[in-house]
Amino acid sequence: LDVQLSTTFEEWARIVRSCPADFIYLTDTSMIIKDGKALERHEITAWTVANSKVPVVAATDLDTSAGALFAILNDERKWGQQAGEMAVRILTGTPVNQVPVESMREGALIINSKTAQKYHLDIPYEILANADTVY
């Protein structure tokens with residue numbers, strides 16, 4: 001895993017165009033500066049997808065809507081439901097120390113089908129049908 005950090009658009013462009021990895025995973029693009037101004041997240045994501053030779057994977061729904069191939073996110077609604085189930089166990093008499101700490105059981109899958117077409121990827125119908133959002 002190679003982590004690249006940049007603050008200027010020029011550095012970012014160099015990193016994206018010369019990326020030796022199989023994909024680019026976007027985490028935080030909030031501080032990339034071009035002409036003295038921070039670029040909007042959707043702008044830098046769209047530029048990255050258009051100029052990358054490898055697929056771009058996202059950390060947010062916004063990045064996926066701007067062109068990243070996919071994102072798997074914590075689904076706040078499902079997370080709240082899971083927390084509620086734990087609370088019900090406690091409220092119905094299960095001692096707190098007997099309710100195990102849990103990780104998220106499910107996430108939200110967001111797919112950009114136009115970007116998949118760009119990379120000639122055939123996403124099976126079963127995956128598309130089970131995705132939370134498809135752009």
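Report follows, based on the coordinates.

The rules behind the values
Residues numbered from 1 in each chain as written. Predicted model: local features only at pLDDT ≥ 70, side-chain atom pairs only at ≥ 80, totals over all residues. Heavy atoms only, no water. Pairing = 2+ DSSP bridges. Helix = DSSP H or I, 4+ residues; strand = E, 2+ residues; numbered from the N terminus. Buried < 20%, exposed > 50% of the residue type's maximum accessible area, 1.4 Å probe, protein only. Arc of directions from axis to C-beta. Contact = heavy atoms within 4.5 Å. Core = buried A, V, L, I, M, F, W, Y, C linked by side-chain atoms within 4.5 Å. Axes fitted to C-alpha atoms, helices over the stretch in contact; angles between N-to-C directions. Left-handed = near helix turned anticlockwise from the far one by under 90°.

With that settled, consider the sheet that holds strand β6 (residues 107-111). Sheet strands line up and pair through hydrogen bonds in the backbone, either parallel or antiparallel. Strand order in the open sheet formed by three strands is β5-β6-β7, with mixed pairing between adjacent strands. Two strands in the sheet have a free side with no partner beyond their single neighbour: β5 (70-74) and β7 (133-134).

Further remarks concern helix α1 (residues 9-17). Buried within α1 we find Phe9, Trp12, Ala13, Ile15 and Val16. Viewed end-on, α1 has its buried residues packed into an arc of 165 degrees, placing them on one side of the element. Across from the buried face of α1, at angles greater than 90 degrees, the exposed residues are Glu10 and Arg14. Buried residues along α1 sit in contact with β1 (24-25), β2 (33-34) and α2 (41-51).

What follows is about the pairing of β6. Here five bridges tie β5 to β6, and the two strands are oriented antiparallel to one another. Bridge pairing in β6 places Ile72 opposite Leu109. As judged from the two bridges shared by β6 and β7, these two strands associate in the parallel manner. Across the sheet, residue Ile110 finds its bridge partner in β7, namely Thr133.

The next subject is the nonpolar core. Phe9, Trp12, Ile24, Ile32, Ile44, Trp47 and Val56 are the most contacted members of the largest nonpolar core, which totals 19 residues. Elements with a minimum of two residues in this core: α1, α2, β5 and β6. A per-element tally of this core places α1 first, with four residues.

Moving on, we get to the environment of Thr45. Within the secondary structure, Thr45 sits in helix α2. Looking at Thr45, the relative accessible area reads 0%, which means it is buried. The spatial distance from the C-alpha of Thr45 to the C-alpha of Leu26 is 8.1 Å, given a sequence separation of 19 residues. The contacts of Thr45, once residues within four sequence positions are left out, are Leu26, Asp63, Ala66 and Ala68.

Moving on, we get to the packing of α1 against α2. Interhelical geometry of α1 versus α2 gives an angle of 35 degrees and a closest axis separation of 10 Å. Judged by the sense of rotation from one axis to the other, the crossing of α1 with α2 is right-handed. Contacts from Phe9, Trp12, Ala13, Val16 and Arg17 in α1 reach Ile44, Trp47, Thr48 and Asn51 in α2.

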